[in-house]
Amino acid sequence: MVARHGDEDGPGSGSGPASHLTSPTSASAPASASAPASEGSVSGGSASEGSGTTITLDDVRSAQKTLSGVSRLTALEGSRYLSGLVGAPVHFKCENLQRTGSFKLRGGYVRIAGLSPEERAAGVVAASAGNHAQGVALAASLLGVRSTVFMPEGAPLPKIAATRDYGAEVRLCGQIVDETMRAAKEYAERTGAVFIHPFDHPDIIAGQGTVGLEILEQCPEVRTVVVGIGGGGLAAGIAVAVKTLRPDVRVVGVQAEGAAAYPPSLAAGRPVTIDAPVTMADGIKVGRPGDVPFQIIGNLVDEVRTVTEDELSSALLLCLERAKLVVEPAGASPVAALLSAPESFEGPVVAVLSGGNVDPLLMQRILRHGMAAAGRYLSLRLRLTDRPGALATLLGVLSTLDANVLDVSHVRTNPRLGLSEAEVELHLETKGPDHCEDVREALRGAGYTVMA
């Protein structure tokens, strides 16, 4: 967990001082990106796409107008379970129910809408493993712009199919997103198509910031906003909107422990690349912060926390079981942070569920992992007398304990077994850690030797 700075003092309705941050832009940014910084701005500095332009609350509000009738006002759903843990109301901002299944449509549409007629005529190109691909594809189709999307060769088939269905030409290239990104940029240089970066552009950040405006409208009493961070576009946009209007609200970013580029970058004061990020949360699996969002997050986000893979899978399972919401691992990262240290959050809390695009096969593996992390699976070996009906008797005992048998391995021939012994390896579904211990004790009480 990396602390950034404490809560800023200020009134709760946006009358406090504006926050000034570094944020570059490109020459093709729409007029809204250079509006006067009348209500908080991000200014100065340099980055890969230019410098000297500000990102303001006016830009986010302009993006909200641009998105009118395009993006959905996603629901704010309460979580009774998390509210009980935190001791204050906890709400989910359900961007997993946004068009294309994630927040990415917001920034993609604002970026493409701001292109000149000549740029639109040249088409756009993007690189993504899923969410950004679908957001750009739909945004381009709605605006009548030709789109090409590069995706890794191992991208899930449902995401490839969805991107094509939204109107993009999909090209599979590379094994990881970094390779795919290079291919997309080379295509842009060769053809003149405009490269739509997933997070490192002011228009993208302004579009994502509309989530923050909606949070303040839907939950004006909010005290803490928790949001996942990959490259940083969503967190940066939310921070600009929320901190300008409500500097008293705490904004907490969350990264997967195996792909946490922000903590070392914030410590170094500049974006730092981490080698080979590893996490199931591919939506926030980014090896280097974006130059544009990094400056905003460094100045406006109060804290960046990390969560483990076990915590991510447990959070996804909670969303599915308790909230009846399908959420991808990246989208569940704020829930994982709340589960890991509920007492450290001041409520009311809004957790941003950033996306729900998860491959069914991955979902199956994650759910199994989440159930194991929550103590819902029990694996054990035990010995029994090798005689007819012995295995049936054992299974009968388990049925009385309300433990669901998932897999059985029955071994009769092994040097470590006696002449009249057999060994059984069991995989059981249980109700939690206490039930696991009850099963072990009941088996021992029934005369079985439990080995593990």
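See the structure printed just above.
Residues numbered from 1 in each chain as written. Predicted model: local features only at pLDDT ≥ 70, side-chain atom pairs only at ≥ 80, totals over all residues. Heavy atoms only, no water.

K.L.:
In this structure, what is going on with the overall build of the protein? I would like to understand it.
P.N.:
What the protein contains, in helices and strands, is 16 helices and 18 strands. Looking at the protein as a whole, 56% of its 452 residues are labelled buried. Looking at the protein alone, contacts between residues at least 24 apart form 71% of all its contacts between residues at least 6 apart. Accessible surface for the protein amounts to roughly 17,900 Å². Of this, 50% is attributable to carbon and sulfur atoms. (Helix = DSSP H or I, 4+ residues; strand = E, 2+ residues; numbered from the N terminus. Buried < 20%, exposed > 50% of the residue type's maximum accessible area, 1.4 Å probe, protein only. Contact = heavy atoms within 4.5 Å. Areas by Shrake-Rupley, 256 points an atom, 1.4 Å probe, with all protein chains shown as cover.)

K.L.:
Explanation requested: the packing of helix H12 (residues 309–322) against helix H13 (residues 333–340) in the structure shown.
P.N.:
The interhelical angle for the contact between H12 and H13, taken along N-to-C directions, is 105°, at an axis separation of 8 Å. Relative to H13, the element H12 lies roughly perpendicular. Seen from H12, the contacting residues are Glu 311, Leu 312, Ser 314, Ala 315, Leu 318 and Cys 319; seen from H13, they are Ser 333, Val 335, Ala 336, Leu 339 and Ser 340. Among the residues making up the contact of H12 with H13, the classes are represented as seven nonpolar, three polar and one charged. (Axes fitted to C-alpha atoms, helices over the stretch in contact; angles between N-to-C directions. Parallel < 35°, antiparallel > 145°, perpendicular 65-115°, else oblique. Nonpolar A, V, L, I, M, F, W, Y, C, P; charged D, E, K, R; others polar.)

K.L.:
What is the right way to look at the pattern of salt bridges in this model?
P.N.:
Opposite charge on two side chains makes pairing possible when the charged atoms of those side chains draw close. Here the structure, examined in full by the defined rule, presents 15 salt bridges. Residue Asp 248 is joined to Arg 246 by a salt bridge in which the shortest nitrogen-to-oxygen separation is 2.9 Å. Residue Asp 248 shares its accessibility class with Arg 246, and that shared class is buried. A salt bridge links Asp 402 to Lys 431, with the nearest nitrogen and oxygen atoms 2.6 Å apart. Residue Asp 402 is located in the loop between helix H15 (390–400) and strand S16 (404–411), and its partner Lys 431 is located in the loop between strand S17 (421–429) and helix H16 (433–445); the two are separated by 29 residues in the primary sequence. Among the charged side chains, a network of salt bridges with common partners joins Lys 93, Glu 95, Arg 106 and Glu 214. (Salt bridge = Lys/Arg side-chain N within 4 Å of Asp/Glu carboxyl O.)

K.L.:
What am I meant to see in the side chain of Lys 93 here?
P.N.:
Along the chain, the position of Lys 93 falls in strand S6 (residues 90–94). Among the polar contacts made by the side chain of Lys 93, one reaches the side chain of Glu 214 at a distance of 2.7 Å. Once you skip the residues sitting within four places of it in the chain, Lys 93 turns out to touch Leu 73, Thr 74, Ala 75, Leu 76, Val 211, Glu 214, Ile 215, Gln 218, Val 350, Ala 351, Val 352 and Leu 353. (Polar contact = N/O pair within 3.5 Å; in protein donor to acceptor, adjacent residues only side chain to side chain.)

K.L.:
Would you take a moment to explain the pairing of S6 for this structure?
P.N.:
Two faces, one strand: in a regular strand the side chains alternate between the faces of the sheet. Of all five residues making up S6, five are buried, and the element is well covered by its neighbours. Burial along S6 is two-sided: the face carrying Val 90, Phe 92 and Cys 94 and the face carrying His 91 and Lys 93 are both buried. As paired strands, S6 and strand S14 (residues 349–353) are joined by five bridges and run parallel to one another. In the strand pairing of S14, Phe 92 is matched with Ala 351. (Pairing = 2+ DSSP bridges.)

K.L.:
Teacher, can you tell me more about helix H3 (residues 104–113) here?
P.N.:
Quick reminder: α-helices carry 3.6 residues per turn. Residues three or four places apart thus point the same way. With nine of 10 residues buried, H3 lies mostly within the body of the structure. Looking at H3, one finds that the buried residues are Lys 104, Leu 105, Arg 106, Gly 107, Gly 108, Tyr 109, Val 110, Arg 111 and Ile 112. Residues of H3 that are buried make contact with helix H1 (57–66), helix H4 (117–122), strand S7 (124–127), helix H5 (131–142), strand S10 (194–195) and helix H8 (202–218).

K.L.:
I keep staring at H5 and nothing clicks. Help me out?
P.N.:
Taking 1.5 Å per residue, 12 residues should reach 16 Å; H5 reaches 17 Å between its end C-alpha atoms and fits that length. For H5, a buried count of 10 out of 12 residues is recorded, marking the element as mostly surrounded by other parts of the structure. Of the positions making up H5, those classed as buried are Asn 131, His 132, Ala 133, Gln 134, Gly 135, Val 136, Ala 137, Leu 138, Ala 139 and Ala 140. Here the buried face of H5 lies against H3, S7, strand S8 (147–151) and helix H6 (157–165). (Expected span 1.5 Å × (residues − 1).)

K.L.:
Would you mind going over the sheet that holds S7 with me for this structure?
P.N.:
Sheets are built from strands that pair by backbone hydrogen bonding, the pairs being arranged parallel or antiparallel. One open sheet holds the four strands; their spatial order is S9-S8-S7-S10, and the pairing between them is parallel. Each edge of the open sheet carries a strand with a single partner, namely strand S9 (169–172) and S10. Across four bridges, S8 lies against S9 in parallel orientation. Counterpart to Thr 148 in the pairing with S9 is Glu 169. Relative to S7, helix H7 (residues 177–191) is tilted by about 165°, and along the sheet it contacts S7, S8, S9 and S10.

K.L.:
What is the right way to read the packing of H1 against helix H9 (residues 233–245) from this model?
P.N.:
Each pair of packed helices can be described by the angle between their axes along with the distance between the axes. Viewed as axis vectors pointing N to C, H1 and H9 meet at an angle of 120°, and their least axial separation amounts to 9 Å. Remark: the crossing between H1 and H9 carries left-handed chirality. Contacts between H1 and H9 involve Leu 57, Val 60 and Arg 61 from the first element and Val 240, Ala 241, Thr 244 and Leu 245 from the second. (Left-handed = near helix turned anticlockwise from the far one by under 90°.)

K.L.:
It is not clear to me how the nonpolar core should be interpreted in this structure. Could you clarify?
P.N.:
The tendency in soluble globular proteins is for nonpolar side chains to be buried as a group. Ranked by internal contacts, the top residues of the largest apolar core, which has 37 residues, are Phe 92, Val 335, Leu 338, Phe 345 and Leu 353. Among the secondary structure elements, those contributing two or more residues to this core are helix H2 (80–86), S6, strand S12 (250–256), H12, H13, S14 and helix H14 (360–373). With six residues, H12 is the single largest residue contributor to this core. Discounting residues that sit within four places of it in the chain, Phe 345 has contacts with Val 86, Thr 224, Val 226, Val 252, Arg 305, Ala 337 and Leu 338. Formed by 36 residues, the second largest nonpolar core is a distinct cluster that contains Val 211, Val 225, Val 240 and Ile 296. (Core = buried A, V, L, I, M, F, W, Y, C linked by side-chain atoms within 4.5 Å.)

K.L.:
What should I look at first to understand the environment of Ser 313 in this one?
P.N.:
Positionally, Ser 313 belongs in helix H12. When its relative accessible area of 0% is taken as the criterion, Ser 313 is described as buried. Taking the C-alpha atoms as reference points, Ser 313 and Met 280, 33 residues apart in sequence, are found 8.8 Å from one another.

K.L.:
Got a minute to help me understand the side chain of Asn 96 in this structure?
P.N.:
Note on placement: Asn 96 falls in the loop between S6 and H3. If we skip the residues at most four places from it in the chain, Asn 96 touches Gly 101, Leu 325, Val 326, Val 327, Leu 353, Ser 354, Gly 355 and Gly 356.

K.L.:
I would appreciate a short explanation of unusual backbone geometry in the present structure.
P.N.:
In terms of backbone geometry, most residues other than glycine have negative phi values and most peptide bonds are trans. Gly 347 connects to Pro 348 through a cis peptide bond whose omega is 0°. With respect to the helices and strands, Pro 348 occurs in the loop between H13 and S14. Here the phi dihedral of Lys 324 falls at roughly 60°; this positive angle occurs in a residue that is not glycine.

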